[in-house]
Amino acid sequence: MGVDREQLVEQVLTLVESVPVGRVTTYGALAAAVGFGGPRWVGNVMAQYGATVPWWRVVRADGTLPASHRRAALAHYRAESTPLRYDANARAARVDLRMAGWEPPG
DNA sequence: GGGTTGACCAATG
DNA sequence: TCATTGGCCAACC
């Protein structure tokens, strides 16, 4: 059956809203959950509509923060006590996916 | 219809 | 851990 693109977008946003506080999921996991598009498509959806949902709970597969928003995301993580990992050089902070990784239902 | 662009991913060294 | 490589999918021009 043909599913509307708009409905798929809503499904992605709903899944993002269902991510527990202090936990995160990945673009790829969301794409797999909705069974449509791919990680890059989900990234595109977030770029457009992410402002209406807790976008900081969606990170890349290796735990790095979404581009262009890492500073704002860090403030949220600190507020939510999200487990973070710091590089040896402390160049960039990443979410500890072992601890905070959350798999969306699909 | 082809080239380019994204808030991407996994394998490899 | 980092950089490179190839693949991925839809939107836009």
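One structure accompanies this document, and this report is about it. Please read these numbers as outputs of a predicted model, since none were measured by experiment. Along each chain, numbering runs from 1 in the same order as the chain's sequence is written. Note on labels: chains are lettered from A, ligands numbered from 1, in written order. Given that this is a predicted model, residues contribute local features only at a pLDDT of at least 70 and side-chain atom pairs are listed and counted only at 80 or more, while totals for whole chains, interfaces and linings are drawn from all residues. The basis for the side-chain values is all heavy atoms of the structure; hydrogens and waters are excluded.

## Side note on the overall build of chain A
Step number 1: Helical segments are the DSSP runs of H or I of at least four residues, strand segments are the runs of E of at least two, and each set is numbered from the N terminus. Along chain A, the regular secondary structure elements total five helices and four strands.
Step number 2: In sequence order, the secondary structure elements of chain A are arranged as α-β-α-α-β-α-β-β-α.
Step number 3: The C-alpha radius of gyration computed for chain A amounts to 14 Å, which stays within 12% of the reference 13 Å derived for 106 residues, consistent with globular compactness.
Step number 4: With the C-alpha coordinates aligned to their principal axes, the bounding extent of chain A is approximately 50 × 25 × 20 Å.
Step number 5: Three exposure classes are used, based on accessible area relative to the maximum for each residue type with a 1.4 Å probe and protein chains only: buried under 20%, partly exposed in between, and exposed over 50%. Per-residue burial over chain A gives 41% buried out of 106 residues.
Step number 6: Whether two residues are in contact is decided by their heavy atoms: any pair within 4.5 Å suffices. Once local pairs closer than 6 in sequence are excluded, the contacts in chain A between residues at least 24 apart make up 59%.
Step number 7: We count Lys and Arg on the positive side and Asp and Glu on the negative side, and we leave His and both chain ends out. Think of each charge as sitting on NZ of Lys, CZ of Arg, CG of Asp or CD of Glu. In chain A, 12 side chains carry a positive charge and 9 a negative one; their mean positions are 12 Å apart. This radius of gyration counts C-alpha atoms alone. The globule rule is 2.2 Å times how many residues there are, raised to the power 0.38.

## Observations regarding the protein's contact with DNA strand B
Step number 1: We call a residue near a given molecule or strand whenever any one of its heavy atoms falls within 4 Å of it. The local shell around DNA strand B holds 14 residues, among which Tyr27, Arg40, Ala47, Arg60 and Ala61 are the closest.
Step number 2: Taken together, the sugar and phosphate atoms account for 40% of what DNA strand B places within 4 Å of the protein.
Step number 3: Counted as a polar contact is a pair of N or O atoms within 3.5 Å, where, for protein atoms, one must be capable of donating a hydrogen and the other of accepting one, and residues adjacent in sequence contribute only when both atoms are in side chains. At 3.0 Å from a base nitrogen of DNA strand B is found a side-chain nitrogen or oxygen belonging to Tyr27.
Step number 4: A distance of 3.2 Å separates a phosphate oxygen of DNA strand B from a polar atom in the backbone of Gly28.
Step number 5: Elements supplying a minimum of two residues to the surface near DNA strand B: helix H2 (27-34) and helix H3 (39-49).
Step number 6: With six residues, H3 is the largest single contributor of residues to the surface near DNA strand B.
Step number 7: Residue type decides the class: Asp, Glu, Lys and Arg count as charged, Ala, Val, Leu, Ile, Met, Phe, Trp, Tyr, Cys and Pro as nonpolar, and the leftover types, Gly among them, as polar. The residue makeup of the surface near DNA strand B, split by class, is eight nonpolar, four polar and two charged.

## Structural notes on the protein's contact with DNA strand C
Step number 1: The full set of residues close to DNA strand C is Arg5, Phe36, Gly37, Gly38, Arg40, Trp41, Arg85, Asp87, Arg91 and Arg94.
Step number 2: Considering DNA strand C, the proportion of its atoms within 4 Å of the protein that are sugar or phosphate atoms stands at 81%.
Step number 3: In this structure, a phosphate oxygen belonging to DNA strand C sits 3.1 Å away from a side-chain N or O atom of Arg5.
Step number 4: One of the side-chain nitrogen or oxygen atoms of Arg85 is found 3.2 Å away from a phosphate oxygen of DNA strand C.
Step number 5: Partitioned by chemical class, the residues of the surface near DNA strand C number two nonpolar, two polar and six charged.

## So, unusual backbone geometry
Step number 1: Even without being glycine, Ser81 reaches a positive phi, approximately 60°.
Step number 2: Here Ser81 is to be found in the loop between helix H4 (70-80) and strand E3 (84-86).

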